[in-house]
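The chain contents come next:
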Amino acid sequence: MKSKASGFTSFLFVLPYLIMFTLFLVIPLVYGIYISFHDWNLISPIHPFIGLENYSAIFTSGSPENRVFLNGLKNTAQFVIYSVPLLVIIGLGLAMLVNSLPEKIRGFFRTAYFLPFAISVSVIAVLWLWMLDSNSGLVNQFINSLGMDSIPWLTRLPFAWISLVIATVWWTIGFNMIIFINALNEVSEELYEAADIDGASSWHKFLHITLPSIRPIMIFVVITSTIASFNVYGQPYLMTRGGPGESTEVLLMGIVQQAFQLRQMGSAAAMAMLMALIMIVISVGQFLVTRSGERKEKNHA
Amino acid sequence: MRKTKILNIVFASILAILFLIPLVWMVSTSFKSDFEAIGGGTFFPQEFTIENYTSTLTSSSVPILRWLFNSLFVGFAGVTIVVVIDSMAAYALARLDVPFKKVLFPLFVSTLMIPWVITFLPLYQQFSNLGLLNTYAPLILPYSANAFGVFLLYQFFRSFPKELEEAARMDGANKWQIFMKVVIPSARPLIATLAIFTFMAIYNDFLWPLVTTNTPEMRTVTTGIAIMQQGSFVSSYGKLMALTTLATIPILIVFLIGQKWFIRGITQSGIK
């Protein structure tokens, strides 16, 4: 009897979280699937059930849904492909640079590179719009001072992508750097000392000690950077408005437009489901690929 | 050896300047007249003016103080809810005899893998059905169902020494008293990390407050700036920069104070 009462009071500790979890995660999850099976116009009170029609429209070549989804997916994929390698490599590079500095000044540089991460995307976007302004922006002023013509950073390809990627890397790289700094600090000193005795070069040490030791963190950073890049919205929405044309209109912009401008909540929900599915498949895929690589290496050794 | 060290410092310094220039330029532009800002040419204002700030702070179409209040209010409210419910749940699941806890913890943590885009539209529809759009409810409540905090604190509570709880129990303390007086104080650094993380996420969130609010009074700082940037401030970079500077000050203070915990917290969180 006593243990039952005890279990009940313990359960009370979990109850508040469980309530929030149910209201704001479980119910929307189920509700979202439900919406995606209906012709759900935001202004109409009646939402007829249409089965998989929202999904089939997305896959019907030539339909408006198909165009929005494919264009958005293509552009999002481009952003992911451009930004993720930079976010990982520069993040690791900065972490190694900071670690190579004398201990006294490390904190300052770490803060300097990490600082932009604290700022919101709309501030970032406004700031970089101003930096990249074709007339009085700092970047073009600098380019002009070198005797070159101004570059239309936000209105032409490939510059629009370059601008979005630069702003994003500047904004978020600090977070990856911190994760890498922590990982580097846990690599065993003894391995480096042993390699020093063998006369290994720094490149050799990086390749054969550092990289294998931080591999799990590497997987984590690659996956989180990919997910974050997939969710890109604020930068293209505010900086390029999806342009030039529709070339930087990312998937999330398409979904939001479908839901709130065209008021087609049903097909927007179906697009969101597909987007989430793609994200899950990609991150599980990245995890498995890097894992199996690890196993192969172990078998070789 | 020495030479590479000096080269590294030089390189790091150049990078630091590049990283900080946009922010310095933001503040610098905010003190320029529109004429000077658009004319370009100089980095620092030739004629220093605070006109951008005074006109922004007094303009009735730019309720920046209201936006700051909204952002700070929803940030603190969200953090309070998250810290309270996450620490209670994490402690109970890690240390107490909760029924079904073997199911509940994996269930909570597995939701970390669900992309938020799935819940975004149905959540909007839920708040719309309840007539709660454009209120504080959607700006605060949905952030509370984030398993990150439960996961972070669970790891810590698992390795928390049992003796301390035992001693308190001997003194006649009940579960709640042990939790409040023994467990919570020991988890302070991690709770601070969770609080800062959550605060930054809520304060800086963009798309969700953008779609769930629609009047100037209900905007947060982040969404307010986006509206101004597309609206009446589109041609005045001086005023825009004054606005973004004002928006950045609170979060920068939180960030600089919390940085130590933040960094230590990421290390402890078991992201390995």
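What you are looking at is a predicted structure, and each value in this text was computed from that prediction instead of being measured.

Novice: How should I be thinking about unusual backbone geometry in this particular structure?
Specialist: Most peptide bonds are trans, and most residues other than glycine sit at a negative phi. Residue and element names in this part refer to chain A. Geometrically, the link from Leu 157 to Pro 158 is a cis peptide bond, its omega value of 0 degrees lying close to zero. Residue position: Pro 158 is located in the loop between helix H6 (138-145) and helix H7 (159-185). Note the cis peptide between Gly 243 and Pro 244, where omega equals 0 degrees. Looking at the element boundaries, Pro 244 is found in the loop between helix H11 (234-240) and helix H12 (251-261). With phi around 55 degrees, Arg 241 is a residue other than glycine that occupies positive phi space.

Novice: What should I look at first to understand the confidence of the model for chain B in this one?
Specialist: Keep in mind that low pLDDT regions are not for reading the predicted coordinates in detail. All names here are of chain B. Per-residue confidence for chain B averages 90 on the pLDDT scale, and 96% of its residues sit at or above 70. Ranking the helices and strands of chain B by mean pLDDT puts helix H7 (residues 136-140) first, with 97, and helix H2 (residues 34-39) last, with 81. For this predicted complex, the interface score ipTM comes out at 0.91, while the overall pTM is 0.92.

Novice: Which parts of the structure should I look at to understand the packing of helix H4 (residues 103-114) of chain A against H7(A)?
Specialist: Packed helix pairs are specified by the crossing angle of their axes together with the interaxial distance, meaning the distance between the axes. Residues and elements named next belong to chain A. Running from N to C, H4 and H7 cross one another at 140 degrees; their axes reach a closest spacing of 7 Å. Classified by the angle between their axes, H4 and H7 sit oblique to one another. Where H4 abuts H7, its residues Arg 110, Tyr 113 and Phe 114 lie against Ile 173, Gly 174, Phe 175, Met 177, Ile 178 and Ile 181. Across the contact of H4 with H7, the residue classes break down as seven nonpolar, one polar and one charged.

Novice: Just to check I follow, could you spell out the UniProt feature "transmembrane region" (unreviewed entry) in chain B for this structure?
Specialist: Residue and element names in this part refer to chain B. Per the UniProt record, "transmembrane region" (unreviewed entry) is found at residues 7-27, 67-91, 103-124, 136-157, 178-203 and 240-263. Taken end to end, residues 103-124 is 73% helix and 0% strand, and its first and last C-alpha atoms sit 29 Å apart. In this annotation, residues 178-203 is assigned 96% helix and 0% strand; the end-to-end C-alpha distance for the span is 33 Å.

Novice: Whenever I open this one, the UniProt feature "transmembrane region" (unreviewed entry) in chain A confuses me. Can you help?
Specialist: Residues and elements named next belong to chain A. The UniProt record marks residues 12-34, 79-101, 113-131, 159-181, 214-233 and 268-289 with the feature "transmembrane region" (unreviewed entry), using the residue numbering of this structure. Segment residues 12-34 splits into 100% helix and 0% strand. End C-alpha atoms: 31 Å apart. The annotated region residues 159-181 carries 100% helix and 0% strand content, and the separation between its end C-alpha atoms amounts to 32 Å.

Novice: How do you make sense of the interface of chain B and chain A when you look at a structure like this?
Specialist: Interface size is commonly expressed as the accessible area that is lost once the parts come together. Tallying the contact residues gives 95 residues for chain B and 87 residues for chain A. Between chain B and chain A, roughly 7,800 Å² of surface is buried when both sides are summed, and carbon and sulfur atoms account for 79% of that area. Summed over the three residues of chain B that lose the most area to chain A, namely B:Phe19, B:Trp25 and B:Leu121, the buried surface amounts to 10% of that side. On the surface where chain B and chain A come into contact, there are zero salt bridges. Summed over the shared surface of chain B and chain A, the number is 17 residue pairs in polar contact (both at pLDDT 80 or more). For the side of chain B that touches chain A, the element with the most residues is helix H1 (residues 2-30) of chain B, which contributes 17 residues. When the residues that make up the side of chain B that touches chain A are grouped by side-chain class, the tally is 68 nonpolar, 22 polar and five charged.

Novice: Please clarify how the packing of aromatic side chains should be interpreted in this entry.
Specialist: Pairs of aromatic rings are described using the distance from one ring centre to the other and the angle between the two planes. Residues and elements named next belong to chain B. Considering all chains together, one arrives at 48 aromatic pairs over all chains under this definition. Note on Phe 69 and Phe 73: the rings are 5.7 Å apart at their centroids and 10 degrees apart in plane angle, and the pair reads as stacked. With Phe 69 and Phe 73 both in helix H4 (residues 64-95) and four residues apart, this pair spans about one turn of that helix. By relative accessible area, which is 36% here, Phe 73 ends up partly exposed.

Novice: I would appreciate a short explanation of a nonpolar patch on the surface in the present structure.
Specialist: Judged by side-chain polarity, A:Ile280, A:Val284, A:Phe287 and A:Leu288 come together as a nonpolar surface patch covering roughly 320 Å² of accessible area. Of the residues examined, A:Val284 reaches a relative accessible area of 44% and is grouped as partly exposed.

Novice: How should I be thinking about helix H9 (residues 202-213) of chain A in this particular structure?
Specialist: In an α-helix, one full turn covers 3.6 residues, which means residues spaced three or four apart are oriented alike. Residue and element names in this part refer to chain A. Among all positions of H9, only Lys 205, Phe 206, Ile 209 and Thr 210 are buried. Buried residues in H9, looked at end-on, bunch into an arc of 125 degrees, giving them a common side. Residues of H9 that are exposed and angled more than 90 degrees away from the buried face: Trp 203 and His 208. As for H9, its buried residues are in contact with helix H3 (64-100), H7 and helix H8 (189-197).

Novice: Is there a simple way to explain the environment of A:Phe230 in this structure?
Specialist: Residue and element names in this part refer to chain A. Structurally, Phe 230 can be placed in helix H10 (residues 215-230). For Phe 230, a relative accessible area of 5% puts it in the buried group. Separated by 45 residues in the primary sequence, Phe 230 and Met 275 have C-alpha atoms spaced 8.9 Å apart. The residues contacting Phe 230, other than those within four sequence positions of it, are Leu 73, Thr 76, Val 80, Met 275, Ile 278, Met 279 and Ile 282.

Novice: How should the packing of helix H5 (residues 101-110) of chain B against helix H8 (residues 147-158) of chain B be read in this particular structure?
Specialist: All names here are of chain B. Relative orientation of the contacting elements H5 and H8 amounts to 125 degrees, with a least axis distance of 8 Å. Put simply, H5 runs oblique to H8. The element H5 and its partner H8 pack so that their crossing is left-handed. Seen from H5, the contacting residues are Phe 105, Phe 108 and Val 109; seen from H8, they are Ala 147, Val 150, Phe 151 and Tyr 154. Looking at the contact of H5 with H8 residue by residue, the classes come out as seven nonpolar, no polar and no charged.

Conventions used here
Residues numbered from 1 in each chain as written. Chains lettered and ligands numbered in written order. Predicted model: local features only at pLDDT ≥ 70, side-chain atom pairs only at ≥ 80, totals over all residues. Heavy atoms only, no water. Helix = DSSP H or I, 4+ residues; strand = E, 2+ residues; numbered from the N terminus. pLDDT = per-residue confidence, 0-100. Axes fitted to C-alpha atoms, helices over the stretch in contact; angles between N-to-C directions. Parallel < 35°, antiparallel > 145°, perpendicular 65-115°, else oblique. Contact = heavy atoms within 4.5 Å. Nonpolar A, V, L, I, M, F, W, Y, C, P; charged D, E, K, R; others polar. UniProt positions renumbered as here; feature names shortened; annotations may be inferred. Buried area = accessible area lost by both parts, 1.4 Å probe. Salt bridge = Lys/Arg side-chain N within 4 Å of Asp/Glu carboxyl O. Polar contact = N/O pair within 3.5 Å; in protein donor to acceptor, adjacent residues only side chain to side chain. Phe/Tyr/Trp six-rings, centres within 6.5 Å; stacked < 30°, edge-to-face > 60°. Buried < 20%, exposed > 50% of the residue type's maximum accessible area, 1.4 Å probe, protein only. Patch = residues over 30% accessible without salt bridge, like charges linked within 9 Å, V, L, I, M, F, W, Y side chains within 5 Å. Areas by Shrake-Rupley, 256 points an atom, 1.4 Å probe, with all protein chains shown as cover. Arc of directions from axis to C-beta. Left-handed = near helix turned anticlockwise from the far one by under 90°.

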